[in-house]
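Survey of secondary and tertiary structure
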Amino acid sequence: MGTADVEAVWRMESARIVAALTRFTGDFGLAEDAAQEAVAEALVSWPGAAPTNPAGWLMATARRRAIDAIRRRAALQERYALLAADPVIDQEIDSDRIDDDVLALMFVSCHPVLPREARVALTLRVVGGLSSEEIARAFLVPVPTVQARITRGKKAIAAAGVPFELPPADERRERLGGVLSVLYVIFTEGSTATSGDRLLRPDVAYEAIRLVRTLAALQPDEPEVHGLLALCELTAARFPARTEPDGTPILLEDQDRRLWDLSAIRRGLAALAKASQHGLGPYSLQAAIAATHASAPSVEATDWARIVRLYEALGRVAPSPVVELNRAVAVAMASGPAPALAVVDELIASNRLPGSHLVPTVRGELLTRLGRLPEARAELELAARLCANQRERSVLLGKAAALS
């Protein structure tokens, strides 16, 4: 059994192992450290003698590492005796507790005591099973930065005395938004990378989808969980058509819609149907917009008036300058560039998206359609200077050059 096999088992089982260890030790940081030590040992020993039950091997080894650590803590001898004698953790993970344990692990990793960066890193590490190196590559930050975020996050959880347990139902619903926002950030980074030389990071996006699916299975009665899942599936359905083989971005109007993933679209529509049974929240409304795109045979045949209405509804329940900017794009397609430009200019006047390349990008497109080419070129060049993603920047520069 090689390194890839070890990593595959770890990716599938890590959340359950860390969750079970946390429940039994009562120490989130200790559990995660012990699990990491177990997978490091597996990388050394499995190539020579692969176990018949890899998940059980990892669980037993992580348990021993946890016991060793607890042994060294004189004040926790009583807990050590309790843990060492427990028959369940010594063998298999308790299948009756898996769902609650993994769900509790998500809520701990996304606890509001942590800054957003730490929540993202911890979620990918302890729930997703990604290594520090993988997280660093995903977000284009140095490995020590990721390691520091994880370490600080675990210390913050310990210092705050965050218990490893499911929050009460009312508190869980309040904190669910924080969990969803972390998963949304992870998916968004995968679907349009904020920086670097790739437009898409599919591995990051698909990991986010896997985590949202897990959450949907654990919280089947929460509409917005299904709304986020629908949004992710419908957005990811377009991935095959969004770039050339060399990574060059393909704009929506130029995409070959035959390449869109129909299975992902069906899954997304099914998730949206579940979310819609109780009204549409912010993620469900975004999913409804994505569904409108997915059902249209072309840009021209898209129901842009419906998309405008959906953005207006989204602006009422979750107002933000990005929502307003996206509404302007839809207004331009439904009613022409002039009314859309008024929306964008209002955003600029109120300074609601300072330093973002998105505003001059949209403004440049609108000015181009209005025939104000020198102004459009200046806006697109400004957008290119502000854009940190190299692929997007090259597209913007190409558009600006075409107006010369």
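Here the structure is a predicted model, which is why all the values come from computation and not from measurement.

With that out of the way, let us pick up the environment of L30. Relative to the helices and strands, L30 resides in helix α2 (residues 28-45). Counting along the chain gives 253 residues from L30 to Y283, while the straight-line C-alpha distance between them is 35 Å.

For the rest of this paragraph, the subject is helix α16 (residues 321-335). The end-to-end C-alpha separation of α16 is 20 Å, in line with the 21 Å expected for 15 residues at 1.5 Å each. For α16, every residue scored as buried is listed here: P321, V323, L325, R327, A328, A330, V331 and A332. G336, located one to two residues past α16, shows a positive phi value of around 110°.

Moving on to the domain arrangement of the chain. Split by domain assignment, the chain resolves into domain 1 (1-79) and domain 2 (313-403). Spacing between the C-alpha centres of domain 1 and domain 2 amounts to 50 Å.

Once that is clear, we can look at the UniProt feature "domain: DUF6596" (unreviewed entry) in the chain. UniProt's feature table lists "domain: DUF6596" (unreviewed entry) at residues 175-275, given in the numbering used throughout. Annotated as 65% helix and 0% strand, the span residues 175-275 places its first and last C-alpha atoms 18 Å apart.

Where the model shows low pLDDT, its predicted coordinates should not be examined in detail. Considering every residue of the chain, the mean pLDDT works out to 87; 92% of them sit at 70 or more. When pLDDT is averaged over each element of the chain, helix α14 (residues 282-294) comes out on top at 97 and helix α4 (residues 77-85) at the bottom at 51. With pLDDT under 50 throughout, residues 87-96 is counted as low confidence; its partners more than four residues away or in other chains account for 16 contacts.

Moving on, we come to unusual backbone geometry. Its identity as a non-glycine residue notwithstanding, N351 has a phi of 55°, on the positive side. Note that N351 resides in the loop between α17 (337-349) and α18 (358-369). Residue N351 is classed as exposed on the basis of its relative accessible area, which comes to 52%.

Turning next to the side chain of E224. Looking at where E224 falls in the secondary structure, it is placed in helix α11 (residues 223-236). One buried charged residue, E224, remains without a salt bridge, the closest side chain of opposite sign being R173 at 11 Å. One polar contact links E224 to S284, side chain to side chain, over a distance of 2.6 Å. Leaving out residues up to four positions away in the same chain, E224 has contacts with L180, G281, P282, Y283 and S284.

What follows deals with the pattern of salt bridges. Under the definition given, this model contains 17 salt bridges. For E324, the salt bridge goes to R327, with nearest N and O atoms at 2.7 Å. Of this pair, E324 and R327 both sit in helix α16, three residues apart, roughly one helical turn. Exposure remark for E324: the relative accessible area of 23% places this residue in the partly exposed category. Among the salt bridges present, the one from D345 reaches R363, with a minimum N-O distance of 2.8 Å. One end of the pair, D345, is in helix α17; the other, R363, is in helix α18, with 18 residues separating them in the sequence. Here the salt bridges share partners, and the residues they tie into one network are E32, D33, R125 and K154.

Right, let's talk about the UniProt feature "domain: RNA polymerase sigma factor 70 region 4 type" (unreviewed entry) in the chain for a bit. As recorded in UniProt, the sites labelled "domain: RNA polymerase sigma factor 70 region 4 type" (unreviewed entry) are residues 107-157. When the span residues 107-157 is considered, its composition is 75% helix and 0% strand, and the gap between its end C-alpha atoms is 11 Å.

Our focus in this paragraph is the packing of aromatic side chains. Going through the model one piece at a time under the given rule, you end up with four aromatic pairs. Aromatic side chains F187 and F239 sit 6.4 Å apart centroid to centroid with 10° between the ring planes, which places their arrangement in the stacked category. Separated by 52 residues along the polypeptide, F187 in helix α9 (residues 169-191) and F239 in helix α12 (residues 239-242) bring together distant segments of the chain. By relative accessible area, F239 is classed as buried at 5%. Ring-pair connections join several aromatic residues into one group, and the members of that group are F187, Y206 and F239.

So, on to the nonpolar core. Counting 121 residues, the largest nonpolar core has L21, L58, L105, F187, L215 and L228 as the members making the most contacts within it. Residues contacting L228, with those up to four places away along its chain left out, are L180, L183, Y184, V212 and Y283.

Let us now look at the packing of α17 against α18. One can describe the packing of α17 onto α18 by two numbers: an axis separation of 10 Å at closest approach and a directional angle of 150°. Considered as vectors, α17 and α18 are oriented roughly antiparallel to each other. Crossing of α17 against α18: the hand is left-handed. Packed against α17, whose contacting residues are P337, A340, L341, V344, D345 and I348, the element α18 presents V359, V362, R363, L366, L367 and R369 at the interface. Here the residues of the contact of α17 with α18 sort into nine nonpolar, no polar and three charged.

Assignment of secondary structure puts E207 in helix α10 (residues 202-218). Once residues lying within four places of it in the same chain are set aside, the contact partners of E207 are R11, L124, G128 and L130.

Quick notes on the rules
- Residues numbered from 1 in each chain as written.
- Predicted model: local features only at pLDDT ≥ 70, side-chain atom pairs only at ≥ 80, totals over all residues.
- Heavy atoms only, no water.
- Helix = DSSP H or I, 4+ residues; strand = E, 2+ residues; numbered from the N terminus.
- Expected span 1.5 Å × (residues − 1).
- Buried < 20%, exposed > 50% of the residue type's maximum accessible area, 1.4 Å probe, protein only.
- Domains from an automatic or database assignment.
- UniProt positions renumbered as here; feature names shortened; annotations may be inferred.
- pLDDT = per-residue confidence, 0-100.
- Contact = heavy atoms within 4.5 Å.
- Lys, Arg positive; Asp, Glu negative; His and termini not counted.
- Salt bridge = Lys/Arg side-chain N within 4 Å of Asp/Glu carboxyl O.
- Polar contact = N/O pair within 3.5 Å; in protein donor to acceptor, adjacent residues only side chain to side chain.
- Phe/Tyr/Trp six-rings, centres within 6.5 Å; stacked < 30°, edge-to-face > 60°.
- Core = buried A, V, L, I, M, F, W, Y, C linked by side-chain atoms within 4.5 Å.
- Axes fitted to C-alpha atoms, helices over the stretch in contact; angles between N-to-C directions.
- Parallel < 35°, antiparallel > 145°, perpendicular 65-115°, else oblique.
- Left-handed = near helix turned anticlockwise from the far one by under 90°.
- Nonpolar A, V, L, I, M, F, W, Y, C, P; charged D, E, K, R; others polar.

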